[in-house]
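A closer look at the structure
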Amino acid sequence: MNDEDITKFAASLRGEVIRAGDAGYDEARKLYNGMIDKRPLIIARCVDVADVITAVNFGRDNNLLVAVRGGGHNGPGLGSCDDGLVIDLSAMNGVRVDPDARTARVGAGCTQGDVDHATHAFGLARTGWHHFDHRGRRTDAERRPWLSDAQIWPDHR
């Protein structure tokens, strides 16, 4: 894989591709757990499903370790990787509420705050996912991601 391949990849996405040395790289690679300091080769900030498909195919075709970052709150840091591709879904944070069915369709990059904001307008609330400190007080849940993060190793079939 060379610079031309990455440039073509970037041109094929509606979202943004960030590489080491680009403005915003250090901010884009930060994780919730500040003790983990990974340096991906490429960060693809996907804005739709087509971007995700393109990014997964690029990672597979170039034999890259792929990390998928939902909302970014993964203690072990699975939402990033060294020298691989991070598929960042944080821009895919839309919530569609069906008040009659009392359900919500939640984007892969949503935080709990995104879901709460959309559902409370209809008198709905999500269950679970509350975090408490050692004194039993609820912590900063509105910024916690709805989905977790993962790493996907290349398929070597």
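Calculation criteria
Residues numbered from 1 in each chain as written. Predicted model: local features only at pLDDT ≥ 70, side-chain atom pairs only at ≥ 80, totals over all residues. Heavy atoms only, no water. Phe/Tyr/Trp six-rings, centres within 6.5 Å; stacked < 30°, edge-to-face > 60°. Helix = DSSP H or I, 4+ residues; strand = E, 2+ residues; numbered from the N terminus. Buried < 20%, exposed > 50% of the residue type's maximum accessible area, 1.4 Å probe, protein only. Core = buried A, V, L, I, M, F, W, Y, C linked by side-chain atoms within 4.5 Å. Contact = heavy atoms within 4.5 Å. Axes fitted to C-alpha atoms, helices over the stretch in contact; angles between N-to-C directions. Parallel < 35°, antiparallel > 145°, perpendicular 65-115°, else oblique. Left-handed = near helix turned anticlockwise from the far one by under 90°. Nonpolar A, V, L, I, M, F, W, Y, C, P; charged D, E, K, R; others polar. pLDDT = per-residue confidence, 0-100. Polar contact = N/O pair within 3.5 Å; in protein donor to acceptor, adjacent residues only side chain to side chain.

Concerning the packing of aromatic side chains
Under the counting rule described, the total for this entry stands at one aromatic pair. With a centroid separation of 4.1 Å and an interplanar angle of 10°, the aromatic rings of Phe9 and Phe58 are classed as stacked. Of the two residues, Phe9 is situated in helix α1 (residues 3–11) and Phe58 in helix α3 (residues 49–61); the sequence distance between them amounts to 49 residues. Judged by its relative accessible area of 9%, Phe58 is buried.

Section: the nonpolar core
Ranked by size, the top nonpolar core spans 16 residues in total, and within it Phe9 and Leu85 carry the most contacts. Broken down by secondary-structure element, the contributors of at least two residues to this core are α1, β2 (42–45), α3, β3 (66–69) and β4 (85–88). Those residues in contact with Phe9 that sit more than four places away from it in its chain are Val17, Ile42, Ala44, Thr54, Ala55, Phe58 and Leu85. Tyr25, Ala28, Ala67 and Cys81 belong to the second-largest nonpolar core, a separate cluster that totals eight residues.

Topic: unusual backbone geometry
At Asp83, a residue that is not glycine, the phi angle is positive and equals roughly 60°. Looking at the element boundaries, Asp83 is found in the loop between β3 and β4. Here Asp83 falls in the exposed class, since its relative accessible area comes to 59%. The residue Arg102 is not glycine, and still its phi comes out positive at about 60°. By relative accessible area, which is 59% here, Arg102 ends up exposed.

What to know about the packing of α1 against α3
The N-to-C vectors of α1 and α3 enclose an angle of 165°; their axes lie 10 Å apart at closest approach. On the basis of the axis angle, α1 is roughly antiparallel to α3. Here α1 runs over α3; the crossing is right-handed. The segment α1 lies against α3, with Asp5, Ile6 and Phe9 engaging Thr54, Ala55 and Phe58. In terms of residue class, the contact of α1 with α3 is built from four nonpolar, one polar and one charged.

Focus: the confidence of the model for the chain
Summing up the model confidence of the chain, the mean pLDDT is 82 and the portion of residues at 70 or higher is 79%. No element of the chain has a lower mean pLDDT than strand β7 (residues 150–152), which averages 44, and none a higher one than β2, which averages 97. Between residues 130–138, whose pLDDT stays under 50, and residues either more than four places distant or in other chains, the model counts 14 contacts. Note that pLDDT drops below 50 for residues 140–157; the model gives that stretch 61 contacts with residues more than four away or on any other chain.

Things to note about the side chain of Arg29
Tracing the backbone shows Arg29 in helix α2 (residues 25–29). The buried category is assigned to Arg29, whose relative accessible area is 10%. There is a polar contact of 2.4 Å between the side chain of Arg29 and the side chain of Asp37. When sequence neighbours within four positions are dropped, the list of residues in contact with Arg29 reads Asp37, Lys38, Arg39, Pro40, Ile43 and Arg69.

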